Amino acid sequence: MDARHIWHPFTQAKGSLDPICIVKAEGNKLYDHAGKTYLDMISSWWVNLHGHAHPKIASAIAEQAQKLEQVIFADFTHPPALELTKKLHAALPRENPRELNRFFFSDNGSTAVESAIKMALHYWRNKDQPQRRKFIALEGAYHGDTVGAMSVGMKSGFFDAYKSLCFDVLTIPFPAIWHGDKTAAEKEKQALSQLKNLLSQHDGEIAGFIFEPMVLGAAGMKMCGGDFIRDCANLARQSKALVIFDEVMTGFGRTGSLFAYEQCKITPDILCLAKGLSGGFLPLAVTVAHEDIYEAFLGDGFGKALAHGHSYTANPMACAAAIASMDLLLDEESAAQREAIKKSHQNFIDAGPYANLEKLRVKGTILAADISGQSVYGGKLSQDLKLFFLNRGLLIRPIGNTLYILPPYCTTEQELKDAYHAIVEAGEIFGDTAISLVA
Ligand SMILES: *Cc1c(COP(=O)(O)O)cnc(C)c1O
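The paragraphs below set out a description of the structure included in this document. All of these numbers come straight from a predicted model, not from anything done at the bench.

1. Quick notes on helix α11 (residues 316-330)
Between its first and last C-alpha, α11 extends 21 Å over 15 residues, near the 21 Å set by a 1.5 Å rise per residue. Of all the 15 residues making up α11, twelve are buried; the element is thus mostly covered by neighbouring parts of the structure. If you check which residues of α11 are buried, you get Pro 316, Ala 318, Cys 319, Ala 320, Ala 321, Ala 322, Ile 323, Ala 324, Ser 325, Met 326, Leu 328 and Leu 329. In this structure, the buried residues of α11 make contact with α3 (55-67), α4 (79-91) and α12 (332-350). Where α11 begins, the capping side chain belongs to Asn 315, and its oxygen is found 3.1 Å from the backbone nitrogen of Met 317.

If you want it as structure tokens, here you go:
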């Protein structure tokens, strides 16, 4: 049935592995139809936080489904949206008086970014500065698959086929750093000087600067320091561009702090959240803006209003899942789990080096390393590596030649050790052949 009728995401179906049919899950274990288990080391594409089928979240959804499953969100509101907003508002780090205050709901990371882009553009139009319509992005950054999100992520290389649909974006290089990297300061300096040049060349034309703060996820878990993000954001602000942080992947504790921007010590003007927001249970996203951005949209006609919305905006069941997930996230137990994962990752790196594994790096619960040699997304090496891990009961899905772990927070020390062991073995087996395996 699958082979005959289903079209899978981000997949070249010709020659791809047969999809594994997962029938249940618990904690970080996935069970296929034959009873084989897989340890989910990538939180099922970065969405899961506390483990699969978590009973607290599952029952919150079930209860909400019996009370109110969905209602139009224009002209109406509902208790789960209000309670979630209250919890998120309290949890977001702030830098008074410019706190993130207005919550615009949608249903996935791409729409959260799309909303942010439209907000920034329309904000400047409403402020009588329509010439501010360009965006700056980090080279290699990924912001989602809709047309606006593809445009700001064009340099990720995923979207060449759709280039003609997209608008032009200015980019600066991303100064990726790793454990023991001695060139970090120089790379940052160069990127900042390129940013200065861009800002002066396009003075008065920049609507916003969009970042994945500190970790470029889809680019291969490339990492940079918080200070670099803060310096970029400050430069952008000096030339009045809005600062947009896409924390779709980095939010909700992945990088060590609840939100990555806390470590950058700067609050964005617009923040995009999705993926972990519902604990990985239901599609939900929110774009959070400063009050002064919201105020620029107030006016007598519809012309100044944000012309954006989705059918399932602020779905009550998704909000109920998110409330339950926030409660779990803010609990001491979750904080201790995240801290333990971070320590374990750090110990693994400190115990290195490992054969053919380069550029080891950690940010909070995320660990990554590159296998020496070169590969392309979806190439033969990727496929062989995927199979290598699956055969060992591990869901570890390489991005090109980058191996990474981004586990649910319930993952135990022993499970992490099993994953590290497999990664080291993969380096030994595939490392020196990586170049010849490139498809
Ligand atoms: C995954 C991701 C998106 C897109 O989210 P979807 O829910 O897949 O549309 C946007 N930005 C970042 C940083 C992401 O990691």
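2. A word on the site of the ligand
Around the ligand, the neighbouring residues are Trp 46, Asn 108, Gly 109, Ser 110, Tyr 142, His 143, Gly 144, Glu 212, Asp 246, Val 248, Met 249 and Lys 275. Take Asp 246: an N or O atom from its side chain is 2.7 Å from a nitrogen atom of the ligand. Within the contact set of the ligand, an oxygen atom lies 2.7 Å away from a side-chain nitrogen or oxygen of Lys 275. Protein chains bury 84% of the 380 Å² of accessible surface belonging to the ligand in isolation. Taken together, the residues of the shell around the ligand sort by class into four nonpolar, five polar and three charged.

3. Quick notes on the packing of aromatic side chains
On inspection of all chains with the given rule, the structure shows 18 aromatic pairs. With centroids separated by 6.2 Å and ring planes inclined at 25 degrees, the aromatic side chains of Tyr 142 and Phe 159 adopt a geometry described as stacked. Residue Tyr 142 is found in the loop between β5 (134-138) and α6 (147-152), and its partner Phe 159 is found in the loop between α6 and β6 (170-172); the two are separated by 17 residues along the sequence. Classification of Tyr 142 as buried rests on a relative accessible area of 16%. On the accessibility criterion, Phe 159 (3% relative accessible area) is buried. Their ring planes at 80 degrees and their centres at 5.2 Å tell us that Phe 388 and Phe 389 sit as a pair that is edge-to-face. Residue class for Phe 388 comes out buried when judged on its relative accessible area of 7%. Within the aromatic cluster, the residues linked to one another by ring pairs are Phe 209, Phe 211, Phe 245, Phe 252, Phe 259 and Tyr 261.

4. Focus on the sheet that holds strand β3 (residues 37-40)
Taken in spatial order, the four strands line up as β1-β2-β3-β15 in an open sheet, and their pairing is mixed. The open sheet has two edge strands with one neighbour each: β1 (22-26) and β15 (394-395). As judged from the three bridges shared by strand β2 (residues 29-32) and β3, these two strands associate in the antiparallel manner. Within the sheet, the bridge partner assigned to Lys 29 lies in β3 and is Leu 39.

5. Concerning the sheet that holds strand β13 (residues 357-363)
Strand order in the open sheet formed by three strands is β13-β14-β16, and the pairing between neighbours is antiparallel. On the outer flanks of this sheet lie β13 and β16 (402-405), each paired with one strand and no other. If you compare each strand with its neighbour and ignore which way they point, the axes differ by 15 degrees on average. In terms of strand pairing, β13 meets strand β14 (residues 366-371) through five bridges, oriented antiparallel. Paired with Lys 363 across the two strands is Ile 366, which belongs to β14. Lying on the sheet, α12 is in contact with β13, β14 and β16; it crosses β13 at an angle near 155 degrees.

6. Some words on the pairing of strand β12 (residues 285-290)
For β12, a buried count of six out of six residues is recorded, marking the element as mostly surrounded by other parts of the structure. In this sheet, β12 lies alongside strand β4 (residues 100-106) in antiparallel orientation, the contact comprising six bridges. In the strand pairing of β12, Leu 100 is matched with His 290. Where strand β11 (residues 270-273) meets β12, four bridges bridge the pair, whose relative direction is antiparallel. Residue pairing in the sheet places Leu 273 in a bridge with Val 286 of β12.

7. Describing a nonpolar patch on the surface
Together, Val 147, Tyr 162 and Leu 165 make up a nonpolar patch on the protein surface, roughly 280 Å² of accessible area in all. Checked against the element boundaries, Val 147 lands in helix α6.

8. Concerning the packing of α3 against α11
Running from N to C, α3 and α11 cross one another at 150 degrees; their axes reach a closest spacing of 8 Å. Comparing their axes, α11 and α3 come out roughly antiparallel. As for how α3 packs across α11, the hand of that crossing is right-handed. On α11, the residues touching Lys 56, Ile 57, Ala 60, Ile 61, Gln 64 and Ala 65 of α3 are Pro 316, Met 317, Ala 320, Ala 321, Ala 324, Ser 325 and Leu 328.

9. Structural notes on the pairing of β1
For β1, the buried fraction is low: zero of the five residues fall into the buried class. Summarising the sheet, β1 and β2 pair through four bridges and their orientation is antiparallel. Bridged to Lys 24 within β2 is Tyr 31. Turn length for the β1-β2 hairpin, with the two strands adjacent in sequence and antiparallel, is two residues, and the turn residue Gly 27 shows positive phi of about 55 degrees.

10. As for the environment of Asp 246
Inspection of the secondary structure puts Asp 246 in strand β10 (residues 242-246). Taking relative accessible area as the criterion, Asp 246 reaches 5% and is therefore assigned buried. For Asp 246 and Ala 141, which are 105 residues apart along the polypeptide, the C-alpha to C-alpha distance reads 9.9 Å. In terms of polar contacts, Asp 246 uses its side chain to reach the side chain of His 143, at 2.8 Å.

So, how was this worked out
- Residues numbered from 1 in each chain as written.
- Predicted model: local features only at pLDDT ≥ 70, side-chain atom pairs only at ≥ 80, totals over all residues.
- Heavy atoms only, no water.
- Helix = DSSP H or I, 4+ residues; strand = E, 2+ residues; numbered from the N terminus.
- Expected span 1.5 Å × (residues − 1).
- Buried < 20%, exposed > 50% of the residue type's maximum accessible area, 1.4 Å probe, protein only.
- Contact = heavy atoms within 4.5 Å.
- Polar contact = N/O pair within 3.5 Å; in protein donor to acceptor, adjacent residues only side chain to side chain.
- Near = heavy atom within 4 Å.
- Areas by Shrake-Rupley, 256 points an atom, 1.4 Å probe, with all protein chains shown as cover.
- Nonpolar A, V, L, I, M, F, W, Y, C, P; charged D, E, K, R; others polar.
- Phe/Tyr/Trp six-rings, centres within 6.5 Å; stacked < 30°, edge-to-face > 60°.
- Pairing = 2+ DSSP bridges.
- Axes fitted to C-alpha atoms, helices over the stretch in contact; angles between N-to-C directions.
- Patch = residues over 30% accessible without salt bridge, like charges linked within 9 Å, V, L, I, M, F, W, Y side chains within 5 Å.
- Salt bridge = Lys/Arg side-chain N within 4 Å of Asp/Glu carboxyl O.
- Parallel < 35°, antiparallel > 145°, perpendicular 65-115°, else oblique.
- Left-handed = near helix turned anticlockwise from the far one by under 90°.

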